[in-house]
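Residue-level structural notes
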Amino acid sequence: MASEPTAATPSGESTNLGLRVVVAWLVLSAIATPLVAIYVGPLIPPGNGSVQAQGQTFSNQVMVGLITPVLCLMAVFFAYGLIRFHMRANETALEGPPIRNDSRIQLLWLVITTTMVLFLAGFGTYELLKDGAGGGQGPDPIALPAHHHTAFPVQVIGQQWEFTYRYPTLGGMESNQLVLPENTLVVLHVTSLDVIHSFWAYQLGVKADANPGTDNVAYVTTKGPLVFHVRCAELCGLWHGYMFDNGFVVSHTAFTHWAARAVALYRSIKPYVNRPPEKGGAPFSLTYLPAPPGRAG
Amino acid sequence: MRVGVKLLLIAAAVLAAGIAIGFYVSHLTTLAGSPAYSVPVHNVNGHPVVDLEIETVAAVGSKLSPNPDWVSYLVRTKDNGWQRMTVWDLPANATVHVTWFNFDGASGLRNPYLGRPQGVVANHILVYNKPVDRVDPNLASHTFAVPALGLIVAVPGVPDDAKHPCGYAPCSPGKDSHVTVHFTFHTTTPGHYRWQCFVPCAAGWLYGFGGPMQTIGYMDGFLNVKA
Amino acid sequence: MTDAAVTAPSPPLWRRLIGFNFITALILGVAGWYVGWFGAHAVVGPSLDYFGDIDYNELSVYLAYLGGVVGFLVGLGFLNYPVRRLLGYPPSLREKEESGWTRYFSLCTDHKVVGIQYLWGIGLFIFIGGLNAMLIRTELLTPHNQVFPAGTYLTIVGMHGTMMMGMMTSGILGPFANYFVPIMIGARRMAFPRIEALTFWLLMAAGVVLTSTVFFGGFPTGWTGYAPLSTQANPGIDNYILFFALVGVSMTLLGLNMIVTVLTMRAPGLTWTRLPIFVWGVISTSVLMVLAAPILIAALGMAALDRTAQTSFFNPAIGGSNYLYENLFWMFGHPEVYVLALPGFAIVLELLPVFARKPLWGYRLAVSGLLGVSLLSWFVWQHHLFVSGINGDLRPFYMLSTELISIPTGFTFLCGMMTLWRGHIRYTVPMLFCLAWFFNFLIGGLSGVFLSDVPSDVTTHGSFFVMAHFHYTIMGGLIFTFFAAIYYWVPKMTGWELNERLGKIHFWTMFIFFNSAFSVLFAVGFLGQPRRSVTYPSNLQFLNDWVSISAFLLGASMLVFIFNLVWSLAFVKKPAAANPWGSRSIEFQLPSPVPVHNFDRIPVFSGDPYGYGEEPMPSLTPAGAPAGRD
């Protein structure tokens, strides 16, 4: 099959066409990115229910904003290229210009993608280390929010198939409802009594796996009163899909009232909690109290 | 090969595939399920009231199940017999009086907090007709819990030295040693409410929570609350 | 090499039924199953009383299925050659070379037969996996009513994922690398033809092991098989463990075979820079297969020991750790997903020059992209465990490494896009599937950027967002290129054309409904629906119904493909030209279907197959050259 190079000088034509694509891309990005930021941005989850959720929402919004130009580039390139370079009926014998390489384009692409990647990694690291971003950090957290020493501790205990919550500072009171005071830095110690679960409080932006025998620490700073959904996010057996609940962030007075009622209800069962087996404790009782940092994965 | 023969072969293959798929899917829909039992309702002053009698047995026996050693719940049906069904139809906004016969020994709760009855009327249960507001978690044998309704009730176990321990289901409250518990709870909006037991008693499975503890028809089920 | 050995008249059918063949294999397989089952009972007593009265003999399940698989393989004749060598017979190359359709149901050492066996075998099990997906979406039509009991739903989810992952790891290497790599490097066979056949039959036996899990109660862990849920589960999980172990063995051997073949059997003149990009893709995938699959086998072996011998690998209460399983699994699991993705890259880069009539742009960059992905895939696995409680110091590192892997992936995009630039694009069915790859993998890859960022991962981990991400990369990336390869190469493999119009209908329906189904899943995940959940909040029902209907229509588009396949290959049977696409690649210089011995003479390579627009195609048999023995 004979080959026919195109009539115009290859590099000149390429540059012209390339410029067209680049200009079209810049224009489209300049239009699309603000539109996305204004209309799609506010819809991005998980919302502003807590400081950490707000941080996650910001991270998500930045990334949506970053991928918009990438999508625009692909859209422009393919919309233009697939039409412009479509083989016409009279071109069936034609073979394209034998361009095998252009190191300038390779270098440009490498520089741009590497810059974006390094920016994203740096941005993500900053957002993560700032306040933990609501994720479980194991027993030895390094991303500590300010004043973490005075955080309000709550232990989240996952078991098949229910979450229960213990409040060490309220006499170890256990409840099957998670109630938190507003505008407070809360430290969640997530653990499991049997298999791996995952505590996911959607509007609070908290997700931490519940591992048996391990303490998984997550920080969350609550804001105003809120109802949030608690779900299990790690497959844990038959009723994994039904392992959900509602949690509440309430005002300080409401929290005090609730806590008083819950402690009163708890008193009847308290003598049995964490009694060692040799002293008549329940044989399976593995209710776990936050211990000094230990080994983890 | 002639066209007609090919068509015949393909039709046969499609038919065989259809039969295999149908068999497989029907096997899946019945795998470890449980038929639903409509608990009889009677009206008191226009308010629906249900009497639910359930029993828990230590071993269900080969007549009722391919797994004879599995623990199970059974429900008393209209003909006064006991059936191994754990999906029950209940009316919405109703009062449910539960009588629970437990024929099994104690295993102990994993989370002692669940020994406190919750979600029951008057915040206590009746054990041998005496009001009780907690069950020693070490002596708990099983629980009946509907997390979506906030209902958790534990039942004490039959003592080890009981005179007439029940062998295989169905167990009879008249003959075999048992513990009787009464409690009342309310159903609210219509829906699909799962219930489970929280005492990990499935011997032979890690953490005691495998096998019957994870199978509808034994230690798990649904309350179909219907309007 | 003469053809006498291969064209001797085949024995009559009744004679072929005796001896080592498929029927013997089935009989010995069933016999082996019972030997294992009752053997285990005889050895360890009626029930294993390790944890208590378990009412079930775990060991019997393993030994039964192992016995069944071994019996099956022995029945096919895989032990014949090793036994002959042990007895002192000299080494021989081919055992059976009969013609006829029974080759496809036996141990055949012709790599082309193995390729076609793979195509149909994997196709069958993917069909089953796809049916499971339809069942999943049926269940998710409504959050209130249950089609399947909750435990069964988990089994269906697990079977769908496990079957697809197990089968698609060899999805492109199995059919197409086995068939075309020897041809592309100018060889007549693979380095280890019997092992090649073994990888196929192991995969088929494994598929049967997995589908029979329903008879043992299914398994509740999903395809990841996390301990300690796996230790706690019904005996059905033993099927899962054994399936993946067999798949792991098959993967390791397949990768090994590919690497050794390409290293040692290239024809004269085929330097590394003249190798087709498809072969480079095969190499980079094979390296991952060989190194990653054994890790999986180890993890599964530990899980099996935990279940049968009460070891404490993964049980924290007695000194083990669930983190051990998670890390081992994902150390396999992440290279595994690149085993799935890399062949897709290779197919796209291989096909684009043919249909754009231009050389592959940036050959060396593309190769470094493939190898770079392969290398970096070892350093990212903890991004599956960002919120699991791993050491906090590790998370920024894994965030960086995961982001970095998008750079070599980008090379594939750049090379593909620049190959299209100023080309003369023909929209044939294979090309359409390759172009769809750009769209799908772009979305899949960009959603991966979200998942690699730890704060964003806290939002999306364990939700349907992850599901949408990996379906876009695996289904949108691999399955679309799988079909591209089918439409491109099946005429060469079988000698019959596939109907172009039906192919285009298949493509458009598949593309539209695939995107309709999975793009919505991003939203569903963002709105908080966790994975593997049989129920969900009522306000998500509309979106779930949209996804389910789209999924059913996507399944229907597969029926169009199956119809095309059967119609074109069994009824229409229009003979395919030797080179319908005008490709410069060497396999298209051979007749369709490729003859048994591949080449008349071993070719000598003088360039890569991408010289479009540069020089006329070199002929396989230059004019005036004597045809003779190689």
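Since we're looking at a predicted model, the values are computed, not measured.

A separate point is the overall build of chain B. Helix and strand counts for chain B come out as one helix and 14 strands. In terms of overall dimensions, chain B has a C-alpha envelope of 85 × 45 × 35 Å along the principal axes. When burial is assessed residue by residue, chain B has 47% of its 227 residues classed as buried.

It is worth spelling out the overall build of chain A at this point. Each helix and strand counted, chain A has four helices and ten strands in total. Beginning at the N terminus, the succession of helices and strands in chain A can be written as α-α-α-β-β-β-β-β-β-β-β-β-β-α. When burial is assessed residue by residue, chain A has 42% of its 297 residues classed as buried. Long-range contacts, defined as pairs at least 24 residues apart, comprise 70% of the intrachain contacts of chain A with a sequence gap of at least 6.

Turning to the pairing of strand S6 (residues 87-91) of chain B, a few remarks are in order. Residue and element names in this part refer to chain B. The pairing of strand S1 (residues 36-38) with S6 spans three bridges and is classified as parallel. Its bridge partner being in S6, Ser-38 is matched across the sheet by Asp-89. Across five bridges, the pairing between S6 and strand S14 (residues 220-226) is parallel. Counted as the bridge partner of Val-87 is Phe-222 from S14.

A few words now on the packing of helix H6 (residues 111-139) of chain C against helix H7 (residues 150-168) of chain C. Angle between the axes and distance between the axes are the two parameters that describe a pair of packed helices. All names here are of chain C. Across the interface, H6 lies against H7 with an axial gap of 9 Å and an inter-helix angle of 150 degrees. Looking at the two axes, H6 sits roughly antiparallel to H7. Read as a crossing pair, H6 and H7 show a hand that is left-handed. Touching Ile-122, Phe-125, Ile-126, Ile-128, Gly-129, Asn-132, Ala-133, Leu-135, Ile-136 and Glu-139 of H6 are Tyr-153, Ile-156, Val-157, Met-159, His-160, Met-163, Met-164 and Met-167, all from H7. Class assignment of the residues belonging to the contact of H6 with H7 gives a composition of 14 nonpolar, three polar and one charged.

Residues and elements named next belong to chain A. Pairing in this open sheet of five strands is mixed, and the strands run S3-S2-S1-S5-S8 from one edge to the other. Edge positions in the sheet fall to strand S3 (173-175) and strand S8 (216-221), since each of these pairs with one other strand and no more. Within the sheet, the average angular offset between the axes of one strand and its neighbour, ignoring direction, is 25 degrees.

This brings us to the domain arrangement of chain B. Looking at chain B, the domain boundaries give domain 1 (1-31) and domain 2 (36-226). Using only C-alpha atoms to locate each centre, domain 1 of chain B and domain 2 of chain B end up separated by 44 Å.

With that settled, consider the sheet that holds strand S9 (residues 226-232) of chain A. Residue and element names in this part refer to chain A. Sheet architecture is open: five strands sit in the order S4-S10-S9-S6-S7, paired in mixed fashion. Sheet topology places strand S4 (179-181) and strand S7 (206-210) at the edges, where each strand pairs with a single neighbour. Strand-to-strand twist of the sheet, defined as the mean angle between neighbouring strand axes without regard to direction, takes the value 20 degrees. Both strand S6 (residues 197-201) and S7 contribute to a ladder of five bridges, which runs antiparallel. Across the sheet, Trp-200 pairs through a bridge with Lys-207, a residue of S7. The strands touched by helix H4 (residues 252-266) within the sheet are S4 and strand S10 (244-250), with S4 carrying the most contacts at an inclination of about 140 degrees.

A word on the interface of chain A and chain C. When the parts of a complex come together, some accessible area is lost, and that lost area is often used as the size of the interface. Across the boundary between the two partners, chain A contributes 81 residues, which contact 78 residues of chain C. Those elements that place two or more of their residues in the side of chain A that touches chain C are helix H2 (51-84), helix H3 (103-131), S6, S7 and S9 of chain A. Classifying every residue of the side of chain A that touches chain C gives 41 nonpolar, 31 polar and nine charged.

What follows deals with the pairing of strand S11 (residues 151-156) of chain B. All names here are of chain B. Counting buried positions along S11 yields six of six residues, so the element is predominantly enclosed. Here strand S10 (residues 140-146) runs beside S11; their pairing, made up of six bridges, is antiparallel. In the strand pairing of S11, Thr-143 is matched with Ala-154. With antiparallel pairing between neighbouring strands as the criterion, S10 and S11 make up a hairpin whose turn holds four residues, including Gly-150 at a positive phi of roughly 70 degrees.

Residue and element names in this part refer to chain C. Inspection of the secondary structure assignment puts His-471 in helix H19 (residues 464-494). The sequence separation of His-471 and Gly-301 amounts to 170 residues, and the corresponding C-alpha distance is 28 Å. Every residue in contact with His-471, bar those within four places of it in the chain, is listed here: Gly-476 and Phe-518.

At the interface, 25 residues of chain B touch 28 residues of chain C. With eight residues, helix H1 (residues 3-30) of chain B is the single largest residue contributor to the side of chain B that touches chain C. Residue composition of the side of chain B that touches chain C, by class: 13 nonpolar, ten polar and two charged.

The next thing to look at is the domain arrangement of chain A. All names here are of chain A. In terms of domain boundaries, chain A breaks down into domain 1 (13-85 + 106-134) and domain 2 (148-279). Summarising the inter-unit geometry, the C-alpha centres of domain 1 and domain 2 are found 37 Å apart. Ranked by residue count, the leading element in the side of domain 1 that touches domain 2 is H2, at four residues. Grouping the constituent residues of the side of domain 1 that touches domain 2 by class yields three nonpolar, seven polar and one charged.

Moving on: the environment of B:Val132. Residue and element names in this part refer to chain B. Along the chain, the position of Val-132 falls in strand S9 (residues 130-132). Overall, Val-132 belongs to the partly exposed group, with 17 C-beta atoms counted inside 10 Å. Contact partners of Val-132, with chain neighbours within four places excluded, come to His-124, Ile-125 and Val-127.

Residues and elements named next belong to chain C. Running from N to C, helix H11 (residues 236-264) and helix H12 (residues 277-308) cross one another at 150 degrees; their axes reach a closest spacing of 7 Å. When the interaxial angle is binned, H11 and H12 end up roughly antiparallel. When you trace H11 past H12, the crossing you get is left-handed. For the contact of H11 with H12, the per-class residue count stands at 23 nonpolar, four polar and two charged.

It is worth spelling out helix H4 (residues 58-76) of chain C at this point. In a regular helix each residue adds 1.5 Å, so 19 residues correspond to 27 Å; H4(C) covers 28 Å between its end C-alpha atoms and thus fits that length. In terms of residue burial, H4(C) counts as a mostly covered element, since 16 of its 19 residues are buried.

Another aspect to go through is helix H8 (residues 173-184) of chain C. Residues and elements named next belong to chain C. End to end, H8 covers just 14 Å across twelve residues, shorter than the expected 16 Å (1.5 Å per residue, more than 12% under). H8 sits mainly inside the fold: twelve of its twelve residues count as buried. Packing partners of the buried residues in H8 comprise H6, helix H9 (193-211), H11, H12, helix H13 (322-356) and H19. At the exit of H8 stands Gly-186, carrying a positive phi of roughly 80 degrees.

Moving on: the confidence of the model for chain A. Residues and elements named next belong to chain A. The predicted model of chain A has a mean per-residue pLDDT of 87, with 88% of residues at 70 or higher. Of the regions scoring below 50 in pLDDT, residues 1-9 engages in twelve contacts with residues more than four places distant in sequence or in other chains. Considering only residues more than four positions removed or in separate chains, one finds that residues 290-297, a stretch of pLDDT under 50, has 23 contacts.

Attention now moves to unusual backbone geometry. Geometrically, the link from B:Ala169 to B:Pro170 is a cis peptide bond, its omega value of -5 degrees lying close to zero. Checked against the element boundaries, B:Pro170 lands in the loop between S11 and strand S12 (179-186). Going from C:Ser592 to C:Pro593, the amide bond is cis rather than trans, its omega being -10 degrees. Positionally, C:Pro593 belongs in the segment after helix H21 (541-572). One non-glycine residue, B:Asn80, adopts positive backbone phi at about 70 degrees.

Calculation notes
- Residues numbered from 1 in each chain as written.
- Chains lettered and ligands numbered in written order.
- Predicted model: local features only at pLDDT ≥ 70, side-chain atom pairs only at ≥ 80, totals over all residues.
- Helix = DSSP H or I, 4+ residues; strand = E, 2+ residues; numbered from the N terminus.
- Buried ≥ 20, exposed ≤ 12 C-beta atoms within 10 Å, placed from the backbone.
- Contact = placed C-beta atoms within 7 Å.
- Pairing = 2+ DSSP bridges.
- Axes fitted to C-alpha atoms, helices over the stretch in contact; angles between N-to-C directions.
- Parallel < 35°, antiparallel > 145°, perpendicular 65-115°, else oblique.
- Left-handed = near helix turned anticlockwise from the far one by under 90°.
- Nonpolar A, V, L, I, M, F, W, Y, C, P; charged D, E, K, R; others polar.
- Domains from an automatic or database assignment.
- Expected span 1.5 Å × (residues − 1).
- pLDDT = per-residue confidence, 0-100.

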